[in-house]
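Coordinate inspection notes
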Amino acid sequence: MTYTIEKVTTLIGARRFGASDAKIGFVLTDSRSLCFPEETLFFALKSGRNDGHYYIPELYRRGVRNFVVTEVPADYATEYAEANFLKVVDSLEALQRLAERHRDEFNIPIVGITGSNGKTMVKEWLNQLLCDDMFITRSPRSYNSQVGVPLSVWLLNEHTQVGIFEAGISQPGEMLALRDIIQPTIAVLTNLGDAHQENFISKEMKCKEKLILFHDAKTVVYNGDDPIVNGCVNELEDFKGERLFWSLKDKRAPFFIKSVEKKETATTVTYIYKGNESWYSLPFIDDASVTNSFACAAVALTLGVGVDVLDERMQQLEPIAMRLEVKQGQHGCTLINDSYNSDINSLDIALDFMNRRPDHQGRRHTLILSDIYQSGMTTDELYQEVGMLCQQRGVEKFIGVGKDLQSHAYCIGVKAKYFFESVEELIDSDVFKQLHDEVILIKGARRFGFDQLTELLVQKVHETTLEVNLNAVVKNLNHYRSFMKPHTKLVCMIKADAYGAGSVEIAKTLQDHRVDYLAVAVADEGVTLRKNGITSNIMIMNPEMTAFKTMFDYDLEPEVYSFRLLDALVKEAEKEGITGFPVHIKLDTGMHRLGFDPHKDMDELIRRLKRQNAIIPRSVFSHFVGADSDDFDTFSAQQFELFKLGADKLQAAFDHKILFHMDNSAGIEHFPDRQMDMCRLGLGLYGINSRNNKIINNVSTLKTTILQIHQLPAGESIGYSRKTYLERDSLIAAIPIGYADGLDRRLSNRRGYCLVNGQKAEYVGNICMDVAMIDVTDIDCKEGDSVEIFGDHLPVTVLSDAIDTIPYEVLTGISNRVKRVYFQD
Ligand SMILES: *Cc1c(COP(=O)(O)O)cnc(C)c1O
């Protein structure tokens with residue numbers, strides 16, 4: 001579906017500058033995701049830190065001709081002769097308005113889903129329950145924000161029979177806009193939890209905000225057993241629709257859950273819907289899944305799915321793998337595994353993700369794709385579009401699996417293309433055996449069994465892995481940015497291999513989110529980043545005298561903390577004929593580790609800097625000794641004064657602006673008024689608040705599996721030197737992680753614990769080099785089960801507290817042989 005530019009201008013009430021004809025099929029808010037420039041309308045959005053207007057020149061160069069802006073470039077008639085600028089007061093509002101008008105075109109059932117948790121699960125499961133009979137358009141992944149919702153609704157097209165969209169809010173006032181865009185005919189509230197409670201006065205307030213989504217719906221679906229939700233729904237004024245709530249207690253509920261029976265791997269739910277008793281089984285037993293299934297069932301029944309069909313499809317529900325996994329593959333390959341779903345929108349998103357990851361080796365981009373079902377288009381249209389996407393997104397090798405793709409090979413314009421009827425056929429082929437040095441996106445409908453493919457392609461790893469959630473890194477970044485003024489710059493500390501999380505992937509993520517500087521400890525860490533395609537500014541905190549040349553060659557900006565270092569650096573730079581190389585001057589204000597003395601050294605420092613032009617001070621900084629504790633507030637204030645004394649002196653001696661910085665993670669939060677020009681974010685990025693030892697968004701999860709379980713009588717001892725004796729008959733499990741992996745030996749003999757199937761299992765006996773033993777007597781578990789050493793469910797601070805250290809030590813102690821696996825939503 002396309003709109004003429006005239007139509008768009010009217011729909012959003014804009015003033016138009018420029019007179020070129022155009023048809024709009026795509027809307028864009030992030031310049032990095034550009035795909036079809038000619039038909040794209042770019043909305044220049046302003047957020048706290050970023051301004052879409054900056055990207056207009058670049059986008060124009062890349063072929064975009066249509067822009068929604070709040071300020072029209074002064075030179076639009078000459079520099080942008082072919083462009084249309086639609087001037088509005090607020091470009092986000094304009095985007096929302098356009099989506100709203102687009103929504104008005106459709107007279108079909110639209111499901112709007114809100115709630116604190118489970119939105120995505122309900123959306124995806126509804127899709128799985130309905131997609132065999134209807135063509136569904138739904139939010140890609142979890143696009144549920146003020147920007148995400150309009151982008152999702154824009155995807156409605158002439159084929160759509162049902163739309164399913166998520167609406168997420170974090171503060172008062174946000175739902176109204178989302179409701180107007182989605183205009184749900186069926187509105188669902190999954191549950192009411194504690195998320196974002198800090199922005200609401202009470203739970204009722206938050207509930208009422210969410211229920212704005214319900215106002216004009218024909219049917220509303222919610223948990224009638226939650227007194228707050230129930231109360232708020234009953235208070236809705238003028239609501240004339242159907243209240244389709246579920247309840248486990250109220251027999252008169254329109255969707256009464258008579259019983260929930262959990263078996264080993266499945267749950268059977270018996271329900272009475274509008275007077276008729278029936279049941280369904282689903283292949284999950286956890287509470288969240290079971291509760292979310294109630295909402296799915298109620299909506300599916302409303303949309304006319306029969307009770308038998310519902311049962312049949314519920315049994316087939318697949319878990320929601322919400323994330324793109326990046327894995328190290330064999331033979332120099334990197335795998336991006338997206339077994340999430342295989343519709344065309346998610347293909348586009350995954351290809352975009354592949355392209356955004358810098359790859360210094362310039363490896364070939366390969367796509368392995370299965371047939372796509374339920375697209376609502378003819379197979380011809382569908383595979384033409386797949387072909388076009390491959391071309392636009394730079395796919396260099398295409399491997400298709402399935403009969404439809406095979407018979408539409410002509411649609412794929414990629415030179416190197418291969419087609420197979422099944423995964424087995426692909427696995428037996430030379431094409432498969434010869435995969436090497438490629439970035440491979442694997443995307444297949446589950447029924448094609450692509451998991452076999454991934455399993456064969458990944459490097460076999462030690463069973464102990466550190467899972468790193470890149471999304472959480474971004475959330476933490478934004479959390480700390482929220483304390484900072486919009487123009488304060490940010491250094492992200494990724495020393496010590498990004499506090500154990502792996503500096504290359506973390507750096508890629510941070511670069512993508514436009515941080516100003518990355519900082520590592522030594523030059524070699526910086527070189528590794530450069531070799532992996534990182535182009536951001538990089539600071540070296542502990543520059544070695546032997547590595548100056550490397551720093552010049554790779555644009556790595558050293559910290560300078562002493563006269564000896566300064567002189568050696570200048571000498572080497574002059575020898576290389578270098579001028580104006582940026583350096584960062586460190587002042588010692590109380591840590592007494594490294595740095596110039598602000599009282600004694602400044603005059604001499606300025607004198608030496610002035611008599612050469614090989615290097616120039618880009619910034620000057622110091623470090624708080626105790627920003628994480630109020631106990632040191634007086635000392636911190638003294639440190640800050642001392643810093644200002646030295647830094648002001650330095651600045652006064654130079655004409656160019658020198659950046660001042662002092663705040664680390666704790667400082668950003670505790671001393672926002674001392675942020676000056678720049679802050680240095682370390683531990684907070686990895687999800688740990690050192691001021692209260694709480695987890696913000698957990699980034700790293702260290703996992704392993706049970707190797708063997710022994711049944712042992714009371715009185716037996718465990719491990720080397722018989723340090724633990726069993727006081728009762730016990731089940732003891734061995735896990736393949738030891739102190740050589742970074743599992744601290746001080747956790748031995750019941751001082752620490754890990755989690756097995758969510759339950760605490762203490763370490764018994766001394767932790768060995770490669771193996772540890774844990775007590776699983778009271779835990780329902782078996783060999784092969786997963787064990788969490790720390791992570792999403794067991795904060796790393798519990799471990800560091802148990803052994804009287806700080807989380808930094810635990811995180812950075814995880815050895816290199818533990819494979820890092822990265823996730824991104
Ligand atoms: C490591 C480091 C930081 C970051 O500290 P966090 O407490 O991890 O935020 C900041 N500045 C300097 C000089 C550092 O060495």
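Conventions adopted
- Residues numbered from 1 in each chain as written.
- Predicted model: local features only at pLDDT ≥ 70, side-chain atom pairs only at ≥ 80, totals over all residues.
- Heavy atoms only, no water.
- UniProt positions renumbered as here; feature names shortened; annotations may be inferred.
- Near = heavy atom within 4 Å.
- Polar contact = N/O pair within 3.5 Å; in protein donor to acceptor, adjacent residues only side chain to side chain.
- Areas by Shrake-Rupley, 256 points an atom, 1.4 Å probe, with all protein chains shown as cover.
- Nonpolar A, V, L, I, M, F, W, Y, C, P; charged D, E, K, R; others polar.
- Helix = DSSP H or I, 4+ residues; strand = E, 2+ residues; numbered from the N terminus.
- Expected span 1.5 Å × (residues − 1).
- Buried < 20%, exposed > 50% of the residue type's maximum accessible area, 1.4 Å probe, protein only.
- Phe/Tyr/Trp six-rings, centres within 6.5 Å; stacked < 30°, edge-to-face > 60°.
- Lys NZ or Arg CZ within 6 Å of the ring centre and 35° of its normal.
- Pairing = 2+ DSSP bridges.
- Axes fitted to C-alpha atoms, helices over the stretch in contact; angles between N-to-C directions.
- Contact = heavy atoms within 4.5 Å.

In the nomenclature of an unreviewed UniProt entry, the protein corresponds to Alanine racemase from the organism Segatella oris C735. On record in UniProt, under Sequence similarities (unreviewed entry), the comment for the protein is "Belongs to the alanine racemase family." Recorded in UniProt for the protein, the comment headed Pathway (unreviewed entry) runs: "Amino-acid biosynthesis; D-alanine biosynthesis; D-alanine from L-alanine: step 1/1."

Here we come to the site of the ligand. Neighbouring the ligand are Met493, Lys495, Tyr499, Met541, Arg593, His623, Asn664, Ser665, Arg680, Gly682, Leu683 and Tyr808. Take His623: an N or O atom from its side chain is 3.5 Å from a nitrogen atom of the ligand. Within the side chain of Ser665, one N or O atom sits 2.4 Å away from an oxygen atom of the ligand. Alone, the ligand offers 390 Å² of accessible surface; in the complex the protein occludes 93% of this. By residue class, the composition of the shell around the ligand is 5 nonpolar, 4 polar and 3 charged.

Turning our attention to helix H4 (residues 91-104). Because an α-helix completes one turn every 3.6 residues, residues spaced three or four positions apart along the sequence face the same direction. Over its 14 residues, H4 runs 20 Å from end to end, which matches the ideal 20 Å to within 8%, given 1.5 Å per residue. When H4 is considered as a whole, its buried residues turn out to be Ser91, Ala94, Leu95, Gln96, Leu98, Ala99, Glu100, His102 and Arg103.

Once that is clear, we can look at the packing of aromatic side chains. One pass over the full model with this rule turns up 23 aromatic pairs. Their ring planes at 40° and their centres at 5.7 Å tell us that Phe398 and Phe419 sit as a pair that is tilted. Of this pair, Phe398 sits in strand E20 (residues 397-401) while Phe419 is found in strand E21 (residues 416-420), placing the two residues 21 residues apart along the sequence. Given a relative accessible area of 0%, Phe398 falls into the buried group. Members of the aromatic cluster, joined through ring pairs, are Phe42, Tyr60, Phe67, Tyr80 and Phe85. One residue, Lys610, lies across the ring of Phe654, its end atom 4.6 Å from the ring centre. Note that Arg674 overlies the ring of Phe671, its terminal NZ or CZ placed 4.5 Å from the centroid.

Within the open sheet, the 5 strands sit side by side as E2-E7-E6-E5-E4. Their pairing is mixed. Looking along the sheet, the strands with just one partner apiece sit at the ends: strand E2 (15-17) and strand E4 (26-28). If you compare each strand with its neighbour and ignore which way they point, the axes differ by 25° on average. One ladder, built from 3 bridges, connects E4 with strand E5 (residues 40-43); its direction is parallel. Within E5, the position partnered with Phe26 by the bridge is Thr40. Set on the sheet, H4 makes contact with E4, E5 and strand E6 (66-69); between it and E5 the angle comes to about 140°.

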